[in-house]
Amino acid sequence: MIALQALFHAIAQAKDEQTLRSHISAEMNQYFSATRGGLFFFAQISLVDSKLQKAMQIALSPQHNPVARYLLEHHAPVHEALVVEPKTWRLICPRADHWHVMAGPIVSNGQLVGVVGFTRKQGMPAFDSQNLIDLSALCLHVSIWVATVRLQQPLLQTKRLTPREMQIADLVAQGQTNAEISAELWITENSVKQALKRMFRKLEVSSRTQMVAKLSTVSK
């Protein structure tokens, strides 16, 4: 059985979100005897397939999911039995592999930015109060990781931008359109579009606004 301290150490050693997931997802599932589990950051919704994106938004909607509503309002770990009757939960989530659900908050700057979630299938015991206590400790370490590592990442990511990409970023920050940028830099509008796609990937953003915000944070 993996120890909780080992999970804390793995979180502290992770360099990015992908490493964080790959290093601790299996161990977390084992620790909590979960059928499924993992880390989910809300910023990643916009990066998935549109159909899956819509399904995820519904599943995580406070209007549809009392577990999500509790997380949003309290920023504290919760399992389904704390917020809804079993019969009602079966109507909300009839899947046999989500018979029991437990989730905890990932918080940054006072905002809920993600979730650590686990499920157990039908026939398995429900999550209990000790599970919630352990998840609370785990979420604390993940939230601290977000506060420290994410602050360091923008500068590292900005260093990956080419001089031309930095020019484009500056013009985007000035509010120029792709057509205006192409005319300013004497390149095609399609070249601007392709450059922005590369820049979004490097900076791990999904919009011009997010890109400008991240680069503004670096320059401060």
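See above for the structure.
Residues numbered from 1 in each chain as written. Predicted model: local features only at pLDDT ≥ 70, side-chain atom pairs only at ≥ 80, totals over all residues. Heavy atoms only, no water.

Q: What's the story with the packing of helix α8 (residues 163–173) against helix α9 (residues 178–185) in this structure? I'm lost.
A: Between two packed helices, both the angle of their axes relative to each other and the distance between the axes serve to describe the pair. Where α8 contacts α9, the two axes come as close as 10 Å, and the packing angle between them is 130°. The orientation of α8 with respect to α9, classified from their angle, is oblique. The crossing of α8 and α9 is right-handed. Counted together, Arg164, Gln167, Ile168, Leu171 and Val172 of α8 and Ile181, Glu184 and Leu185 of α9 form the full contact between these two elements. Split into classes, the residues belonging to the contact of α8 with α9 amount to five nonpolar, one polar and two charged. (Axes fitted to C-alpha atoms, helices over the stretch in contact; angles between N-to-C directions. Helix = DSSP H or I, 4+ residues; strand = E, 2+ residues; numbered from the N terminus. Parallel < 35°, antiparallel > 145°, perpendicular 65-115°, else oblique. Left-handed = near helix turned anticlockwise from the far one by under 90°. Contact = heavy atoms within 4.5 Å. Nonpolar A, V, L, I, M, F, W, Y, C, P; charged D, E, K, R; others polar.)

Q: Before we go on, may I ask you to explain the pattern of salt bridges in this structure?
A: Any two side chains of opposite charge can pair if their charged atoms end up close together. Enumeration over the complete set of coordinates arrives at four salt bridges. Aspartate 97 serves as the salt-bridge partner of arginine 36, at 3.4 Å between the closest nitrogen and oxygen. Taken together, the residues span a long stretch of sequence, with arginine 36 in strand β1 (residues 36–41) and aspartate 97 in the loop between α6 (86–92) and β3 (100–108) at a distance of 61 residues. With relative accessibility at 17%, the residue aspartate 97 sits in the buried group. Taking the shortest distance from any N to any O, the salt bridge between lysine 202 and glutamate 165 comes out at 2.8 Å. (Salt bridge = Lys/Arg side-chain N within 4 Å of Asp/Glu carboxyl O. Buried < 20%, exposed > 50% of the residue type's maximum accessible area, 1.4 Å probe, protein only.)

Q: In this structure, what is going on with the pairing of β3? I would like to understand it.
A: Within a regular strand, the side chains alternate between the two sheet faces. The element β3 is largely enclosed, with a buried count of eight among its nine residues. As paired elements, strand β2 (residues 78–79) and β3 share two bridges and run antiparallel to each other. When the bridges of β3 are listed, valine 78 appears paired with alanine 103. Two strands pair when backbone bridges link them, and β3 and strand β4 (residues 111–120) are joined in this way by nine bridges, in the antiparallel orientation. (Pairing = 2+ DSSP bridges.)

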